[in-house]
Amino acid sequence: MNTFRRLSAPLRSVLLVVGALATPAQALDPGTGVDQYAFQSWTYRNGLPSSTIFALAQDANGHLWLGTSIGLVRFDGTQFVLTNLGTRTPTRQSGVRSVLVASDESIWVGFRGQGLARVRGGSATLFDARDGAPRGSTTLLLEDSRRAVWAGSNRGLAVFHAGRWHPVAMPADDDEITSLFEEHDEVHTLRTLIQAQQ
């Protein structure tokens with residue numbers, strides 16, 4: 001029997017993803033020298049409010065959303081704007097560890113302390129473990145093909161669908177989710193794949 005087929009389905013998925021990542025990408029013309037591309041660097045002097053950037057996403061209008069150590073920053077190509085999502089509370093820290101622009105143009109934000117925010121139509125809705133969102137620092141966000149939003153943290157996993165968060169049962173109460181990906185309409189976590197091997 002083929003060794004690859006004897007591996008569990010989740011482990012085969014990881015190997016396929018790693019294999020796909022190992023193939024050369026052709027985003028830039030390999031025959032063009034780096035000095036022929038335009039390069040711009042932004043610092044405090046240009047208005048960048050924090051040099052620590054954990055996450056980056058782009059919306060349909062071309063704006064960049066930066067998850068920084070001091071909060072969510074929007075960049076329109078010329079100006080940086082630090083947003084206020086009402087996150088400066090004793091349990092929420094302003095540091096943003098993950099950002100996702102969803103297909104409905106909602107901007108999902110995962111915080112360093114705990115909790116998440118959904119920015120839609122100019123207003124933010126905050127979620128935490130009492131709402132079913134994962135506890136701890138939300139470091140990963142993924143929208144699947146069914147438009148459900150998954151949030152992985154250093155203390156668990158939850159999925160947002162039908163207008164609310166649903167915690168996902170994990171082998172241990174405080175499982176750290178280190179990677180999320182979707183394959184064949186199934187969302188996998190690196191933590192779950194590691195557990196499947198044991």
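As a starting point, this report considers the structure included with it. Here, residues in each chain are numbered from 1, in the same order as that chain's written sequence. It should be noted that, the model being predicted, local features are given only for residues of pLDDT at least 70 and side-chain atom pairs only at 80 or more, the latter also being counted only at that level, while totals for whole chains, interfaces and linings use all residues. Computation of side-chain values covers all heavy atoms of the structure but excludes hydrogens and water.

## Quick notes on the sheet that holds strand E7 (residues 116-120)
Then comes step 1: The pairing criterion for strands is at least two bridges between them, as found by DSSP. Here a helix means four or more residues in a row that DSSP labels H or I, a strand means two or more in a row labelled E, and each is numbered from the N terminus. Pairing is antiparallel in the open sheet, where 4 strands are placed in the order E5-E6-E7-E8. Edge positions in the sheet fall to strand E5 (96-101) and strand E8 (123-127), since each of these pairs with one other strand and no more. Taking the axes of each pair of neighbouring strands and ignoring which way they run, one obtains an average angle of 20 degrees across the sheet.
Then comes step 2: Summarising the sheet, E5 and strand E6 (residues 107-111) pair through 5 bridges and their orientation is antiparallel. Across the sheet, Val96 pairs through a bridge with Phe111, a residue of E6. Inter-axis angles, ranging from 0 to 180 degrees, are taken between N-to-C directions of lines fitted to C-alpha atoms, where helices are fitted over the stretch in contact.

## A word on unusual backbone geometry
Then comes step 1: The phi torsion at Glu105 lies on the positive side, around 70 degrees, for a residue other than glycine.
Then comes step 2: On the secondary structure map, Glu105 appears in the loop between E5 and E6.
Then comes step 3: Positive phi outside glycine occurs at Arg147, with the angle close to 70 degrees.
Then comes step 4: Looking at where Arg147 falls in the secondary structure, it is placed in the loop between strand E9 (138-143) and strand E10 (149-153).

## So, the pattern of salt bridges
Then comes step 1: A pair is scored as a salt bridge if a Lys or Arg side-chain nitrogen falls within 4 Å of a carboxyl oxygen belonging to Asp or Glu. Overall, the coordinates contain 3 salt bridges when judged by the stated rule.
Then comes step 2: Among the ionic pairs, Asp104 bridges to Arg118, the shortest N-O distance being 2.7 Å. In this pair, Asp104 sits in the loop between E5 and E6 while Arg118 sits in strand E7, placing the two residues 14 residues apart along the sequence.
Then comes step 3: Relative accessibility under 20% of the residue-type maximum defines a buried residue, over 50% an exposed one, and the middle range a partly exposed one, all with a 1.4 Å probe and only protein chains included. Asp104 sits in the partly exposed class, given a relative accessible area of 38%.
Then comes step 4: Where salt bridges share partners, they join Asp104, Arg118 and Arg120 into one cluster.

## A few points about the pairing of E7
Then comes step 1: Where burial is concerned, most of E7 is hidden: 4 out of the 5 residues are buried.
Then comes step 2: Looking at chain direction, E6 and E7 are connected through 4 bridges and run antiparallel. For Ile107, the partnering residue across the bridge sits in E7 and is Val119.
Then comes step 3: Here E6 hands over to E7 after 4 residues, with Gly115 in that stretch at a positive phi of 95 degrees.
Then comes step 4: The pairing of E7 with E8 spans 5 bridges and is antiparallel. Counted as the bridge partner of Arg118 is Thr125 from E8.
Then comes step 5: In sequence, E7 turns back onto E8 through a hairpin of 2 residues, with Gly121 there showing a positive phi of about 60 degrees.

## Structural notes on the environment of Ser153
Then comes step 1: Mapping Ser153 onto the fold places it in strand E10.
Then comes step 2: For Ser153, a relative accessible area of 0% puts it in the buried group.
Then comes step 3: Along the primary structure Ser153 and Gly136 are separated by 17 residues, whereas in three dimensions their C-alpha atoms are 5.9 Å apart.
Then comes step 4: Apart from residues lying up to four places away in sequence, Ser153 is in contact with Pro134, Arg135, Gly136, Ser137, Thr138, Thr139, Asp175, Glu176 and Ile177.
Then comes step 5: Throughout this description, a polar contact denotes any pair of N or O atoms lying within 3.5 Å of each other; where both atoms belong to protein, one of them has to be capable of donating a hydrogen while the other can accept it, and for residues adjacent in sequence the pair is counted only when both atoms sit in side chains. Of the polar contacts made by the side chain of Ser153, one reaches the backbone nitrogen of Arg155; its length is 2.9 Å. By definition, residues are in contact when any of their heavy atoms lie within 4.5 Å.

Just distances and angles here, no functional claims.
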